[in-house]
Amino acid sequence: MELKRVVVTGLGAVTPLGNSVPEYWSNLLKGVSGAGPITRFDASKFKTRFACEVKNFDPGLYFDRKEARKQDLYSHFAIAAADEAIKDSGINLEQVNLARFGVIWGSGIGGVETFYKESAEYAKGDGTPRFNPFFIPKMIGNIAGGQISIRYGLRGPNYTAVSACASSTNSVIDAFNYIRLGKADMFVTGGSEAAINETGVGGFNAMHAMSTRNDDPEGASRPFDANRDGFVLGEGAGAIILEEFEHAKARGAKIYAEMVGGGMSADAYHLTAPHPEGLGAIAVMQETLSDANMKPEDVDYINVHGTSTPLGDATELKAIQKVFGEHAYEMNVSSTKSMTGHLLGAAGVIEAIACILTVKNGVVPPTINNATIDPEIDPKLNLTLNKSQERNVDVALSNTFGFGGHNASVIFKKYSN
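Residues numbered from 1 in each chain as written. Predicted model: local features only at pLDDT ≥ 70, side-chain atom pairs only at ≥ 80, totals over all residues. Heavy atoms only, no water.

1. Quick look at the packing of helix α10 (residues 279-291) against helix α11 (residues 312-324)
Defined as follows: Axes, fitted as lines to C-alpha atoms, cover a helix only where it is in contact. Angles between the N-to-C directions of the axes lie from 0 to 180 degrees. Counting from the N terminus, the helices are the DSSP runs of H or I reaching at least four residues and the strands are the DSSP runs of E reaching at least two. Any angle from 65 to 115 degrees is called roughly perpendicular, while one under 35 is roughly parallel, one over 145 is roughly antiparallel, and all others are oblique. The crossing is said to be left-handed when, going from far helix to near helix, the turn is anticlockwise and less than a right angle, and right-handed when the turn is clockwise. Contacts are residue-level and defined by heavy atoms, with any inter-residue pair within 4.5 Å sufficient. The residue classification treats Ala, Val, Leu, Ile, Met, Phe, Trp, Tyr, Cys and Pro as nonpolar and Asp, Glu, Lys and Arg as charged. All others, Gly included, are polar.
Remark: α10 packs on α11, axes separated minimally by 9 Å, with the N-to-C direction vectors making an angle of 45°. Considered as vectors, α10 and α11 are oriented oblique to each other. As for the relative orientation of α10 and α11, their crossing is right-handed in sense. Residues A281, I282, M285, Q286 and L289 of α10 pack against A319, I320, K322, V323 and F324 of α11. For the contact of α10 with α11, the class distribution of residues is eight nonpolar, one polar and one charged.

This is how it looks when you write it as structure tokens:
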């Protein structure tokens, strides 16, 4: 069967760099760090006392007070991003078949803040179970996607992908496949996360996964740098409207880019560490290129997973060199996590948005906070260090890897008839 073409017609974002796509993109290009001291709770006794928090977010823009209390923060972020994306797409919901308009959402952890607060309240009581009746519906990982569907009456396929930090990328790939197989016309897809709380910070600290550069929060997320010491926890949401090309064309939609491929693989190696030879990363990029019917030399830019961990960054770049060969030196590579921190299950989609906007605007966002390249990293690679770079980008690839060895990659290309 002939596969349908899939295009991007709407974008939405709530990030540590801004609560809209224009603000997010502007601050990416300026090289702004979203990190700062944690304000959400007293972190003075934690090893890490900073994070990339979403700032100045007002749930009242989307909910009345009663409704807001029924939803976890990760759902608040999801609704805000979805709302922006749907408005940006220009879709008239009264003029489309809502049974063919779905939601596939991702979250690695879901309502962990709700879980923590409810459990803490019970622990300090007299042992009598007094739980909020909305505890379970606020907490479960699929509920943000359900809330989006309910809010807009979207009756197409609706579920949540959970693959740790690859969750939102897996969601985007699934939505892409549903559309190109002719099973739906449109999707709101992406992911959200809100784990900057005692449980999230304490848990990642116990794993020794996060940076403890408390004297320099803004400079702590430093992918590829010889002195990197772990990732910086972020939060937020990203939403993409994927649409079948003829459907978009018929309604005169603006088109940001075309999605042409997605791939998945497993490291099958370790719960948290990448395969030392990058076998999973190599496989997923090769699969994504094959799915897009592209050659390595077609790619102009890669937004890497690049979390600023000692093992992950160098391994991913070596995998890129294996896949792309000499062309690796012709591409731009950057890690926008140097600015946003690591949004866990929402990381992939906001990085996909960065790729889409790079293709559309011809500017590559930088990798900031790099003072000394890790000696294990080839210095001839163009890592787009510290300043954005203008170049024509016809094709951009985004990598996302998750605990458990989950790997997912997507490719977007410049739209043309």
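Following the structure, the description resumes.
2. Observations concerning the pairing of strand β8 (residues 257-266)
Note the cut-off: Partly exposed describes any residue whose relative accessible area lies between the buried limit of under 20% and the exposed limit of over 50%, with all areas from a 1.4 Å probe on protein chains only and scaled to the type maximum. Two strands qualify as a pair provided DSSP detects at least 2 bridges between them.
Of all ten residues making up β8, eight are buried, and the element is well covered by its neighbours. Note: strand β1 (residues 6-14) against β8, three bridges, orientation antiparallel. By the bridge assignment for β8, V6 is matched with M259. By the bridge criterion, eight bridges tie β8 to strand β14 (residues 406-413) in an arrangement that is antiparallel. Along β14, the bridge assignment pairs M259 with F412.

3. A short note on the pattern of salt bridges
Cut-off, in case you're wondering: Criterion for a salt bridge: a side-chain nitrogen of Lys or Arg within 4 Å of a carboxyl oxygen of Asp or Glu.
All chains considered together, the criterion is met by 17 salt bridges. Note that D313 is salt-bridged to R228, the shortest N-O span being 3.3 Å. With a gap of 85 residues between them, D313 in helix α11 and R228 in the loop between α8 (198-206) and β7 (236-244) connect regions that are remote in the sequence. Here D300 makes a salt bridge to R391, at a shortest N to O gap of 3.6 Å. Note that D300 is positioned in the loop between α10 and β9 (301-303) and R391 in the loop between β12 (389-390) and β13 (395-402), a separation of 91 residues in sequence. For D300, a relative accessible area of 12% gives the class buried.

4. Quick notes on helix α3 (residues 73-89)
Spacing of three or four residues puts side chains on the same side of an α-helix, whose turn is 3.6 residues. Stated precisely, the cut-off is as follows: One less than the number of residues in a helix, times 1.5 Å, gives the span that helix is expected to have.
Look at α3: 24 Å from first C-alpha to last across 17 residues, which is about the 24 Å you get at 1.5 Å a residue. Where burial is concerned, most of α3 is hidden: 15 out of the 17 residues are buried. Directly after α3, the chain includes G90, whose backbone phi takes a positive value near 70°.

5. Some remarks on the packing of aromatic side chains
Our working rule: Only centres within 6.5 Å qualify two rings of Phe, Tyr or Trp (six-membered ring in Trp) as a pair; their planes then separate them into stacked at under 30 degrees, edge-to-face at over 60, and tilted for everything else.
This model, assessed by the stated rule, comprises eleven aromatic pairs. For the pair Y159 and Y178, a centre-to-centre distance of 6.4 Å together with 55° between the ring planes defines the contact as tilted. Of this pair, Y159 sits in strand β5 (residues 158-161) while Y178 sits in helix α7 (residues 167-180), placing them 19 residues apart in sequence. Overall, Y159 belongs to the partly exposed group, its relative accessible area being 30%. Geometrically, the ring pair formed by Y178 and F187 is tilted, given 5.7 Å between the ring centres and 55° between the ring planes. Taking relative accessible area as the criterion, Y178 reaches 26% and is therefore assigned partly exposed. The rings of F115, Y122, F131 and F135 are connected pair by pair, giving a single aromatic cluster.

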